[in-house]
Structures are given as structure tokens and as C-alpha cells.
Amino acid sequence: MPEEPCQCPDCQRFYREHDRLIRENPTLRQQQELSWAALQSFRTLAGRVLEELQKTQGDHEAPAAASAAAGASAATEAPDQDSLQQAVSDLENINAHLFSIEALMERIFDVRVPEPVEQKFRELAGELAPDPLNADRLRLNRLLHQTPDLPDR
């Protein structure tokens, strides 16, 4: 018995985006370029945010050290600094993973296929895009619901 697709708003948004990306990029080459662009945009944005947070963190460390030396209480800043430090640590981990993914994805660009294979991609893209029970979609659906930062968790 096939699994029913999830109807939550997050999954519905994913299904629509999944189908749109297949319909608009139905060849191997287009999927390669799309994946690369998405990875690079993620790295660029995450890297810039990390840099800005590190600057902010560095700016806050000097006054906190001065006020602690002067005997002032920095208890109210501690939770903010802890959450900022955690965010910086998380973004550093994300960037490390993105670099690893980039190294793996570079191998994808070594693959070239003849036009009949690209045509098969186009043909199957038309079949896959509207399929709500696509195995990859169901796997990603399960992953979405295992993400701890979703509101329903």
C-alpha cells in the first residue's frame, strides 16, 4: 500500500517547488547547474552572515571585557552572547559541510551524456513532476518532519 503524501503546509510547499524545478530544468545539465547555483548561493549567504556575526561578536567582546574589569555586571549580556556564540558555531559547521558538498558536486560536472539521454531526462521529468508519491519526495518528506526547528515539532 503506497504512503499518502503529507498535506502539511511545509510539505505542500516542497511538492510545488520540487515539481517546478523538474519542469523548468528537465535535463541533466540543467539540474547540474541548478544544484551548483543553489549550493553556491547558500555558501555565499551563510559565509557572509558568519562573517557579520563574527564581527559583531568581536565588537561585543571588547566592551564586555572592559566592563567586567571595571566591576560592572554583564549577566544580561551572557544569554545573548551564548546564543550568538552557538549561532557562530552552527554556521561554521554548516559552512564546513557545504565545502564538503561542493567537493562532491564537482564530480557531478565531470559527467556528460549524449542527447538521447538528455531527451530521456526531459521525458521522465514530465512524468515525475506531478507524481505526489515519488520515492525521493517521500524520503524528503520524512526528512522534513525530522527537522527539529519546524513549528510542529
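Residues numbered from 1 in each chain as written. Predicted model: local features only at pLDDT ≥ 70, side-chain atom pairs only at ≥ 80, totals over all residues. Heavy atoms only, no water.

Draft legend 1. Inspection of the environment of Glu92 at higher detail. As for its placement among the helices and strands, Glu92 is situated in helix H3 (residues 77-108). The exposure class of Glu92 is partly exposed, given its relative accessible area of 38%. Sequence separation between Glu92 and Ala46 is 46 residues; the distance between their C-alpha atoms is 8.9 Å. Leave out the neighbours within four places in its chain, and Glu92 touches Leu50 and Gln54. (Helix = DSSP H or I, 4+ residues; strand = E, 2+ residues; numbered from the N terminus. Buried < 20%, exposed > 50% of the residue type's maximum accessible area, 1.4 Å probe, protein only. Contact = heavy atoms within 4.5 Å.)

Draft legend 2. Geometry of the side chain of Arg43. Here Arg43 lies in helix H2 (residues 28-69). At a separation of 2.3 Å, a polar atom in the side chain of Arg43 contacts the side chain of Glu102. Not counting chain neighbours up to four residues away, the residues in contact with Arg43 comprise Asn95, Leu98, Phe99 and Glu102. (Polar contact = N/O pair within 3.5 Å; in protein donor to acceptor, adjacent residues only side chain to side chain.)

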